[in-house]
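# Chains, contacts and geometry: an overview
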Amino acid sequence: MNQFEQLKERLSEVGLKATQQRMVIFHSIMTSKNHPSAENIFEQVKSSNPSLSLATIYSTLETLVDKGLVKKVLVKDGVMRYDAHIGTHNHIYCTNTSEIIDFEDEELNQMIKKFLASKNIENLNIKDISLHIEGEKIDKRKSVKIN
């Protein structure tokens, strides 16, 4: 099954029609190496899709978030970014480069779950845990390494 067929299937699974606009936007975010904003997606797709407006991108992203296909990531500058990685994971936000780096750590997730369980929180069903860490890159030219 090719990538577009997979995207169509995922849209269909959540009850959405695979319109051309949804496919373009969903494909853009799924193939992004970072966590793009609506404006980033608009800049990426506008030359090949000139009829696609920024308002349509915003509303489509909200629909994808509502259906659980994409997550929102709010960063310090107030810009909403979008993440196609919907599984449990954490983020490191580099304030001096505006990069968002995904990291997964099951041991950390278990520690947080154990901590929350020890607090006897009533009337709350925890659905997801996502840690957001802010820092600055020491050398902006190098990648952040997580061991």
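Model, not experiment: these values are computed from the prediction.

## Notes on helix H4 (residues 54–66)
Helix length check: H4, at 13 residues, gives a terminal C-alpha distance of 18 Å against a target of 18 Å (1.5 Å per residue), a fit within 8%. Looking only at H4, the buried set comprises Thr56, Ile57, Thr60, Leu61 and Leu64. The buried side chains of H4 occupy one side of the element, clustering within an arc of 130 degrees when seen end-on. Exposed residues on H4 whose side chains face more than 90 degrees from its buried face are Ala55 and Asp66.

## So, the pattern of salt bridges
Within this structure, the stated rule accounts for five salt bridges. Notably, a salt bridge pairs Arg141 with Asp139, separated by 3.1 Å at the nearest N-O pair.

## Some points on a nonpolar patch on the surface
There is a patch of nonpolar side chains on the surface, built from Ile121, Leu124 and Ile126 and spanning about 270 Å² of accessible area. Within the fold, Leu124 resides in the loop between helix H5 (106–118) and strand E5 (132–135). The class of Leu124 is exposed, set by a relative accessible area of 56%.

## What to know about the pairing of strand E4 (residues 99–103)
Here is the key point about a regular strand: its side chains alternate between the two faces of the sheet. Where strand E3 (residues 90–94) meets E4, five bridges bridge the pair, whose relative direction is antiparallel. If you follow Cys94 over to E4, its bridge partner there is Glu99. With antiparallel pairing between neighbouring strands as the criterion, E3 and E4 make up a hairpin whose turn holds four residues, including Ser98 at a positive phi of roughly 65 degrees.

## Some thoughts on the nonpolar core
Of all hydrophobic cores here, the largest spans 19 residues; its most connected members are Phe26, Ile29, Ile57, Leu61 and Leu64. At five residues, the largest contribution of residues to this core is made by helix H2 (residues 20–31). When near neighbours in sequence (up to four residues on either side) are disregarded, Ile57 contacts Ile25, Ala38, Ile41, Phe42, Val45 and Leu52.

## Remarks on the side chain of Lys71
Locating Lys71 in the fold gives a position in strand E1 (residues 71–74). Side-chain polar atoms of Lys71 contact the backbone oxygen of Gly87, separated by 3.5 Å. If near-sequence neighbours (up to four positions away) are discounted, Lys71 is found in contact with Val65, Arg81, Tyr82, Asp83, His85, Ile86, Gly87 and Asp128.

Analysis parameters
Residues numbered from 1 in each chain as written. Predicted model: local features only at pLDDT ≥ 70, side-chain atom pairs only at ≥ 80, totals over all residues. Heavy atoms only, no water. Helix = DSSP H or I, 4+ residues; strand = E, 2+ residues; numbered from the N terminus. Expected span 1.5 Å × (residues − 1). Buried < 20%, exposed > 50% of the residue type's maximum accessible area, 1.4 Å probe, protein only. Arc of directions from axis to C-beta. Salt bridge = Lys/Arg side-chain N within 4 Å of Asp/Glu carboxyl O. Patch = residues over 30% accessible without salt bridge, like charges linked within 9 Å, V, L, I, M, F, W, Y side chains within 5 Å. Areas by Shrake-Rupley, 256 points an atom, 1.4 Å probe, with all protein chains shown as cover. Pairing = 2+ DSSP bridges. Core = buried A, V, L, I, M, F, W, Y, C linked by side-chain atoms within 4.5 Å. Contact = heavy atoms within 4.5 Å. Polar contact = N/O pair within 3.5 Å; in protein donor to acceptor, adjacent residues only side chain to side chain.

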